[in-house]
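# Tertiary structure, described
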Amino acid sequence: MAGSGERARHWRYEELPGVDLLRAHYIRKTFLRHTHEHFVIAAVADGVDVFHHGGADQYAGPGALALVNPDTPHTGRAGGPEGFRYGAVYPSPQLVSEIAAETTAIRGTPGFTSPVLEDAYAVGLVHEVLRAADEGNALAADTLLRVAVTRLLRLNGGPMPQRAVRAAGARAAARARAVLEERMAEPPTLERLAADLGTSPFALLRAFRDTYGMPPHAWLTDARVRRARHLLDAGTAPAQAAVAVGFTDQPHLNRHFTRIVGVPPGAYQRERRSDGGRTPGRKNVQDPQGRLLLPSGVWQNRPLSQTYTGKTTESRTPPSSGTPSE
């Protein structure tokens, strides 16, 4: 296992609008501190997923789920040399709110209260959603996804937690974020940004980190990758998307995109244009030692025509609690 390559597939199934899907086996990859527009529901099948969330490292092993609310900063890495294998669904906030309103008593914006939940049944449901999407079984995929989200909200749901931030600091942070969004391709320095907002660099840095969970430069990298995803979804070439969002070139985008999304932008875009893995007659994907990407008893792994195979020769990255600079 330790010598096998990393593999990941990030795709969408047209019959599940607003939901991203992922299957992955990561060994040495470490995810930068980042956020998602959607919920993260990651079901671990093998190994340990370690992710920094809420000020501490969280550990999700086999039979557990890693659960992250939208716009919540977190990292990710394997908890051991063998890596970890998991399947994940990323439902939109609108879909989760719709399910919560129909099936739970949660008032306000629904969210997960704990980042890790031990529930083998829900883990199995997530893998069955991925399997149904692969087989083109829209009824099963939609049904199982709604059952899984309902179960997780009933076991581990509540009103979305709100970050307590001083009003003045929050206003300055929000204004700074608006400037960075508008000038994403040519952002100002921290000193210039603070001066334009009538504050000091360190005061702005503290307010921004308190409000958004990461410093402005890390937030900007995350925002650039998020916007690049939308451009790729719309058919923009990776090289053009890189320049449009402010990266130096496509390799610059590739590096950050892979360390946030989990696959390179080219592989990500190809899956958006593929048939969703429903072409019949393909064989199950195996690792170099002849084993299924995930145990068949947990998840019947279907063909990955555009599976991304990462390299495993890069050096071990720092602990997940770190926030590397660009």
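Let me sum up the structure you'll find in this document. Since the structure is predicted, the reported quantities are computational estimates derived from the model, not experimental observations.

This next bit is on the overall build of the chain. Helix and strand counts for the chain stand at ten helices and 13 strands. Looking at the chain as a whole, 52% of its 326 residues qualify as buried. Across the chain, every contact between residues at least 6 apart in sequence was considered, and the portion connecting residues at least 24 apart equals 75%.

On to unusual backbone geometry, then. Backbone geometry follows two general trends: most residues other than glycine have a negative phi, and most peptide bonds adopt the trans configuration. In the Ramachandran plot, aspartate 71 falls in the positive-phi region, its phi being about 60° despite a non-glycine side chain. Note on placement: aspartate 71 falls in the loop between β7 (64-68) and β8 (74-78). According to the relative accessible area criterion, aspartate 71 is partly exposed, its value standing at 48%.

Turning next to the packing of aromatic side chains. With the rule as written, the count across this model stands at eight aromatic pairs. Centre to centre, the rings of tyrosine 26 and phenylalanine 31 are 5.3 Å apart; their planes meet at 75°, and the pair counts as edge-to-face. The class of tyrosine 26 is buried, set by a relative accessible area of 0%. Since its relative accessible area comes to 8%, phenylalanine 31 is described here as buried. Judged by centre distance (5.2 Å) and plane angle (15°), the rings of phenylalanine 84 and tyrosine 86 are stacked. Counting every residue linked through ring pairs, the aromatic cluster contains Tyr26, Phe31, Phe84 and Tyr86. The ring of tryptophan 11 carries arginine 9 above its face, with NZ or CZ at 3.9 Å from the centroid.

If the charged atoms of two oppositely charged side chains come close together, the side chains can form a pair. This structure, assessed with the given rule, holds 17 salt bridges. In this structure, glutamate 98 engages arginine 146 in a salt bridge whose closest nitrogen and oxygen atoms are separated by 3.0 Å. Here glutamate 98, found in helix α1 (residues 93-103), pairs with arginine 146, found in helix α3 (residues 138-156); they are 48 residues apart in sequence, far enough to count as distant. You can call glutamate 98 partly exposed: its relative accessible area is 41%. The exposure class of arginine 146 is partly exposed, given its relative accessible area of 27%. One salt-bridge network, held together by shared partners, links Arg12, Asp20, Arg229, Asp233 and Arg272.

Further remarks concern the environment of leucine 125. Positionally, leucine 125 belongs in helix α2 (residues 120-135). It is 7.9 Å that separates the C-alpha atoms of leucine 125 and valine 147, two residues lying 22 residues apart in sequence. Among all residues touching leucine 125, those that are not within four sequence positions of it are Leu144, Val147, Ala148 and Arg151.

To continue, consider the pairing of strand β5 (residues 49-53). Counting buried positions along β5 gives five out of five residues, so the element sits mostly inside the fold. Where burial is concerned, the two faces of β5 agree: the one with Asp49, Phe51 and His53 and the one with Val50 and His52 are both buried. Here β5 pairs with strand β6 (residues 56-60) via five bridges, running antiparallel. Directly across from phenylalanine 51, in β6, lies its bridge partner glutamine 58. If you look at the hairpin formed by β5 and β6, you'll find two residues sitting between the two strands, and glycine 54 has a positive phi there, around 65°. Examined bridge by bridge, β5 and β8 share two bridges and lie antiparallel to one another. When the bridges of β8 are listed, aspartate 49 appears paired with alanine 78.

Grouped together as the largest cluster of nonpolar side chains are 49 residues, with contacts concentrated most on Tyr26, Tyr86 and Trp219. With 31 residues, the next largest nonpolar core counts Phe39, Ala100, Ala141 and Leu152 among its residues.

With that out of the way, let us pick up the sheet that holds β6. Strand order in the open sheet made by the four strands is β3-β8-β5-β6, with antiparallel pairing throughout. The strands lining the two open edges of the sheet, one partner per strand, are β3 (31-34) and β6. Each neighbouring strand pair of the sheet contributes to a mean axis angle of 25°, computed without reference to strand direction. Pairing of β3 with β8, which is carried by two bridges, proceeds in the antiparallel orientation. Within β8, the residue paired with histidine 34 across the bridge is histidine 74.

Procedures and definitions
Residues numbered from 1 in each chain as written. Predicted model: local features only at pLDDT ≥ 70, side-chain atom pairs only at ≥ 80, totals over all residues. Heavy atoms only, no water. Helix = DSSP H or I, 4+ residues; strand = E, 2+ residues; numbered from the N terminus. Buried < 20%, exposed > 50% of the residue type's maximum accessible area, 1.4 Å probe, protein only. Contact = heavy atoms within 4.5 Å. Phe/Tyr/Trp six-rings, centres within 6.5 Å; stacked < 30°, edge-to-face > 60°. Lys NZ or Arg CZ within 6 Å of the ring centre and 35° of its normal. Salt bridge = Lys/Arg side-chain N within 4 Å of Asp/Glu carboxyl O. Pairing = 2+ DSSP bridges. Core = buried A, V, L, I, M, F, W, Y, C linked by side-chain atoms within 4.5 Å. Axes fitted to C-alpha atoms, helices over the stretch in contact; angles between N-to-C directions.

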